[in-house]
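Topology and contacts: notes
Each chain, letter by letter, is given below.
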Amino acid sequence: MEILVCVRRVPDTSENEIELNSAGNDIERDELVYSINEWDNYAVEEALQIVSRVGGKVTVVTVGDDEDEEILRRQMAMGATHGVLLSDHLFAGSDGRGIAAILKAFIQKGNYELILTGVQAEDGAAQVGGMLAAMLDYPFASLVNSIEILDGKTLRITREIEGGNKELNEIDLPCVLSIQTGINEPRYVGMRGIRQVASVPIPTFGAPDLGVNPEIVGPLAAKIRRVDYFLPAAGRGAEMLYGKPEEIADKVVELVRTKGGLS
Amino acid sequence: MASIFAYVVHKDGAVDDSAAELLSAARKIDPDEEPVAITAGFGSDLDSVCETLQRSYREIWKISNEAFAYPNAELVRKALIKVLPPGSIVLVPHNHLGIDLSPGLSVKTNTPFVSDVLDIEGREGSWLKVVRQEFGGQISAHVMCDVSCGAVINIRPGAFKYLEASSGNGTIVDKSVEIGPISSGRRYLHTIVAESGDVDISKQPVLVSIGRGIQEQDNVAIAEQLADALGAVVSCSRPVVDAKWMDKSRQVGTSGKTVKPRVYIACGISGAFQHLAGLKGSPFIIAINKNPKAPIFQVADVGIVADLLEFLPILTEKTREARCVSAK
């Protein structure tokens with residue numbers, strides 16, 4: 001099966017505290033550690049597990065610039081067959097719709113049967129997969145947490161719904177699925193694996209190569225614009241306990257008792 | 001001004017709480033525009049849903065079709081495309097249906113999509129200013145959306161005020177015949193109900209709940225020792241289940257269980273809204289986190305900035321001492 005996984009390089013929230021910059025218009029980007037979007041990493045692992053069962057190839061693609069090559073190489077070190085970078089100065093500042101349009105143009109040049117994205121990235125929008133499917137007129141399912149290949153034409157998938165329940169669906173190929181975390185256990189990627197793919201060429205395609213109309217990408221086409229970042233309105237706020245750990249622990253025990261938690 | 005539609009989610013004939021929240025979101029977009037409820041379903045369930053909606057919406061568009069007995073977003077989207085007037089602003093709850101439905105709906109109606117909106121601040125010309133969150137709720141953002149040709153806006157469940165139904169008597173408009181035959185490349189088969197697991201965390205008076213901050217599987221035992229000392233049970237947030245350190249049945253949150261303990265000890269849990277949405281009944285929340293800016297401290301009653309691996313064993317010891325004393 002020919003599988004395409006759309007990935008993105010994002011600030012790693014497990015490695016950084018995300019803070020506001022001094023101007024208050026962006027997050028503080030100095031010294032941020034970037035990594036592959038967590039959801040996308042699960043999607044790549046799922047693609048690799050599918051091809052190990054039924055054969056095929058996994059291509060990882062991202063819309064970005066030279067700096068984004070590192071995550072393509074990381075996913076190639078995991079086992080992806082190809083990495084592709086879609087890069088053009090016209091693409092910078094695109095909104096989700098613009099990104100989906102760029103990916104659509106690339107997909108139409110290939111022959112992919114299954115297209116995976118992560119459910120969401122750092123902005124929590126959860127949009128590119130669903131937009132892409134609509135642009136391609138492919139069936140779509142979000143929040144996918146298991147995939148079974150029935151035959152060359154159909155998949156059986158589950159979606160995560162409320163309360164830990166799952167919704168079982170059949171979906172025809174080609175299709176687009178957005179992958180939820182926890183669907184698998186992504187394999188570890190060591191430095192040695194990354195070194196092995198360090199010199200593999202990564203093809204890069206720009207707007208003319210893809211036939212992307214410049215008017216549908218970039219900041220001018222964006223009908224969604226983030227104007228600033230700010231710190232969330234503080235809630236009532238917790239009463240913070242300070243002091244020696246033993247003293248704090250004594251207070252906590254007393255509080256638990258008062259609130260009816262120590263019978 | 002464009003018409004505003006609220007897509008109403010329902011289950012077993014009962015209207016989801018989000019319907020009343022979409023109504024207040026619509027009022028924030030335009031207080032003078034009466035939003036229209038739009039809902040798809042089938043049979044007597046759909047009838048009772050529309051009856052309920054009559055009390056809060058002035059107009060209800062009803063789409064009845066056997067295909068909607070279960071809400072498959074792929075089919076619902078096709079129906080909405082057929083009935084929505086051009087230029088409409090469509091509000092949808094940002095839940096598993098909205099995530100499935102809305103991005104594609106925005107493409108098919110050629111309107112912008114704004115996801116997971118927490119608040120609506122107002123209009124500046126043809127642009128609507130809304131509030132979103134990024135990085136798991138660590139930071140908020142103002143986002144402008146050009147609504148001059150309509151929009152699809154996903155509204156975060158629980159973020160907008162729940163507007164109580166009035167005694168209104170809304171008009172039901174049956175749009176079913178406009179839909180025609182409908183099919184999709186994705187077919188719903190059935191729902192797989194979650195396994196109950198070894199303990200029912202929804203019935204525990206005290207929960208020691210662990211998140212990503214527990215760092216590794218071996219450290220789960222530290223939380224279990226505290227829970228044992230308290231006579232409590234260990235629950236967790238999503239990353240712990242994703243890492244397979246605990247069973248899914250122990251997860252608190254929208255995709256896990258809803259719990260209502262008296263005391264909730266959140267250990268290394270950042271406090272994403274999907275997690276907090278699983279906490280009901282206003283428990284007393286004690287949050288322990290090494291990051292003093294963790295969002296959990298905004299909702300907790302008591303906060304402690306500490307390393308779990310150092311603090312939890314001390315708390316366990318003190319709990320055991322306290323129980324010994326009270327037993328004497």
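On a predicted model such as this, the values are computed, not experimentally measured, just so you know.

This paragraph deals with the overall build of chain B. Along the backbone of chain B there are nine helices and 18 strands. Across the 328 residues in chain B, those meeting the buried criterion constitute 58%. In chain B, 63% of the contacts between residues at least 6 apart in sequence involve partners at least 24 apart. Counting every atom, chain B has about 13100 Å² of accessible surface; 50% of that belongs to carbon and sulfur. Averaging the coordinates of the 34 positive side-chain charges in chain B and doing the same for the 38 negative ones gives two points 2 Å apart.

Another aspect to go through is the sheet that holds strand S4 (residues 57–63) of chain A. Here ten strands make up an open sheet; going across it, the order is S11(A)-S5(A)-S4(A)-S1(A)-S6(A)-S10(A)-S7(A)-S8(A)-S9(A)-S13(B) and the pairing mixed. At either end of the open sheet lies a strand with only one pairing partner, and these are strand S11 (204–205) of chain A together with strand S13 (186–192) of chain B. Direction of pairing for strand S8 (residues 154–160) of chain A relative to strand S9 (residues 166–172) of chain A: antiparallel, over a ladder of seven bridges. Pairing of Thr158 of chain A across the sheet is with Leu168 of chain A, part of S9 of chain A.

How big an interface is tends to be stated in terms of accessible area lost as the parts join. Across the boundary between the two partners, chain B contributes 82 residues, which contact 84 residues of chain A. Carbon and sulfur atoms make up 56% of the surface buried where chain B meets chain A, a total of about 7400 Å² over both sides. When the buried area of chain B at its contact with chain A is split by residue, His96, Phe135 and Arg186 of chain B rank highest and sum to 9% of it. If you look at where chain B meets chain A, you find twelve salt bridges. The salt bridge involving Glu162 of chain A is made with Lys11 of chain B; its shortest N-O contact spans 3.4 Å. At the surface where chain B touches chain A, the tally comes to 46 residue pairs in polar contact (both at pLDDT 80 or more). The residue inventory of the side of chain B that touches chain A, partitioned by class, reads 37 nonpolar, 23 polar and 22 charged. In this structure, S9 of chain A lies alongside S13 of chain B, joined through six bridges in antiparallel fashion. Bridge assignment links Lys166 of chain A to a residue of S13 of chain B, and that residue is Ile192 of chain B.

With that settled, consider the packing of helix H3 (residues 96–107) of chain A against helix H4 (residues 128–136) of chain A. All names here are of chain A. The contact between H3 and H4 brings their axes to 9 Å, and the two run at 50°. With respect to each other, H3 and H4 are oriented oblique. Taken as a pair, H3 and H4 cross one another with a handedness that is right-handed. Between H3, through Gly96, Arg97, Ile99, Ala100, Ala101, Leu103, Lys104 and Ile107, and H4, the contact on the second element is made entirely by Val128, Met131, Leu132, Met135 and Leu136.

A few words now on helix H5 (residues 220–230) of chain B. For H5 of chain B, the full list of buried residues reads Val220, Ile222, Ala223, Leu226, Ala227, Ala229 and Leu230 of chain B. Just downstream of H5 of chain B lies Gly231 of chain B, where phi reads positive at about 70°.

A separate point is the side chain of Glu167 of chain A. Along the chain, Glu167 of chain A falls in strand S9. For Glu167 of chain A, the side chain forms a polar contact with the side chain of Tyr70 of chain B, separated by 2.5 Å. At 3.3 Å, the side chain of Glu167 of chain A forms a polar contact with the side chain of Arg186 of chain B. Apart from residues no more than four positions distant in its own chain, Glu167 of chain A is found in contact with Ile157, Thr158, Arg159 and Ile161 of chain A together with Tyr70, His96, Arg186, Tyr188, His190 and Thr191 of chain B.

This part takes up the sheet that holds strand S12 (residues 224–230) of chain A. Spatially, the four strands line up as an open sheet ordered S12(A)-S10(B)-S9(B)-S8(B), and their pairing is antiparallel. Edge positions in the sheet fall to S12 of chain A together with strand S8 (119–124) of chain B, since each of these pairs with one other strand and no more. Neighbouring strand axes in the sheet, compared pairwise and without regard to direction, differ in orientation by 30° on average. Relative to strand S9 (residues 127–134) of chain B, S8 of chain B is paired through five bridges, and the arrangement is antiparallel. Bridge pairing in S9 of chain B places Asp119 of chain B opposite Val131 of chain B. Sheet strands touched by helix H1 (residues 18–29) of chain B: S8 and S9 of chain B. Its angle to S8 of chain B, the strand with the most contacts, is close to 25°.

The next thing to look at is H4 of chain A. Residues and elements named next belong to chain A. Most of H4 is tucked away: nine of the nine residues are buried. Residues of H4 that are buried include every one of Val128, Gly129, Gly130, Met131, Leu132, Ala133, Ala134, Met135 and Leu136, and no others. Trailing H4 by a residue or two, Asp137 shows a phi angle of about 60°, which is positive.

Of note, Asp100 of chain B is situated in helix H4 (residues 96–108). Residue Asp100 of chain B is classed as buried on the basis of its relative accessible area of 0%. Only 3.3 Å separates the side chain of Asp100 of chain B from the side chain of Arg159 of chain A, close enough to count as a polar contact. For Asp100 of chain B, the side chain forms a polar contact with the side chain of Arg186 of chain B, separated by 2.8 Å. Aside from chain neighbours lying at most four places away, what touches Asp100 of chain B is Phe140, Ala141, Ser142 and Arg159 of chain A together with Ala73, Arg77 and Arg186 of chain B.

On to unusual backbone geometry. Between Leu173 of chain A and the following residue, Pro174 of chain A, the backbone shows a cis peptide bond with an omega angle of -10°. Residue Asp137 of chain A is not a glycine yet carries a positive backbone phi of 60°. With respect to the helices and strands, the residue Asp137 of chain A is situated in the loop between H4 and strand S7 (140–149). Positive phi values are uncommon outside glycine, yet Asn110 of chain B reaches one of about 50°. Tracing the backbone through its elements, the reader meets Asn110 of chain B in the loop between H4 and strand S7 (113–117). Its relative accessible area of 56% is what places Asn110 of chain B among the exposed residues.

This brings us to the confidence of the model for chain B. On average, chain B scores 94 in pLDDT, and the residues at 70 or more come to 98%. Here the predicted complex carries an ipTM of 0.94, next to a pTM of 0.93.

Residues and elements named next belong to chain A. Structurally, the position occupied by Val5 is in strand S1 (residues 2–6). Considered as a pair, Val5 and Leu114 are 109 residues apart in the sequence and their alpha carbons are 8.5 Å apart. With sequence-adjacent residues up to four places away left out, Val5 is seen in contact with Asp40, Ala43, Val44, Ala47, Val58, Thr59, Val60, Val61 and Leu116.

With that settled, the discussion passes to the packing of H4 of chain A against H4 of chain B. Contact pair H4 of chain A / H4 of chain B: the axes reach a minimum separation of 7 Å and the direction vectors enclose 45°. In terms of orientation, H4 of chain A lies oblique with respect to H4 of chain B. Both H4 of chain A and H4 of chain B take part in a crossing whose hand is right-handed. Note on element contacts: H4 of chain B touches H4 of chain A through Pro103, Gly104, Ser106, Val107 and Lys108 of chain B, opposite Gly130, Met131, Ala134 and Met135 of chain A.

Thresholds applied
- Residues numbered from 1 in each chain as written.
- Chains lettered and ligands numbered in written order.
- Predicted model: local features only at pLDDT ≥ 70, side-chain atom pairs only at ≥ 80, totals over all residues.
- Heavy atoms only, no water.
- Helix = DSSP H or I, 4+ residues; strand = E, 2+ residues; numbered from the N terminus.
- Buried < 20%, exposed > 50% of the residue type's maximum accessible area, 1.4 Å probe, protein only.
- Contact = heavy atoms within 4.5 Å.
- Areas by Shrake-Rupley, 256 points an atom, 1.4 Å probe, with all protein chains shown as cover.
- Lys, Arg positive; Asp, Glu negative; His and termini not counted.
- Charge placed at Lys NZ, Arg CZ, Asp CG, Glu CD.
- Pairing = 2+ DSSP bridges.
- Buried area = accessible area lost by both parts, 1.4 Å probe.
- Salt bridge = Lys/Arg side-chain N within 4 Å of Asp/Glu carboxyl O.
- Polar contact = N/O pair within 3.5 Å; in protein donor to acceptor, adjacent residues only side chain to side chain.
- Nonpolar A, V, L, I, M, F, W, Y, C, P; charged D, E, K, R; others polar.
- Axes fitted to C-alpha atoms, helices over the stretch in contact; angles between N-to-C directions.
- Parallel < 35°, antiparallel > 145°, perpendicular 65-115°, else oblique.
- Left-handed = near helix turned anticlockwise from the far one by under 90°.
- pLDDT = per-residue confidence, 0-100.

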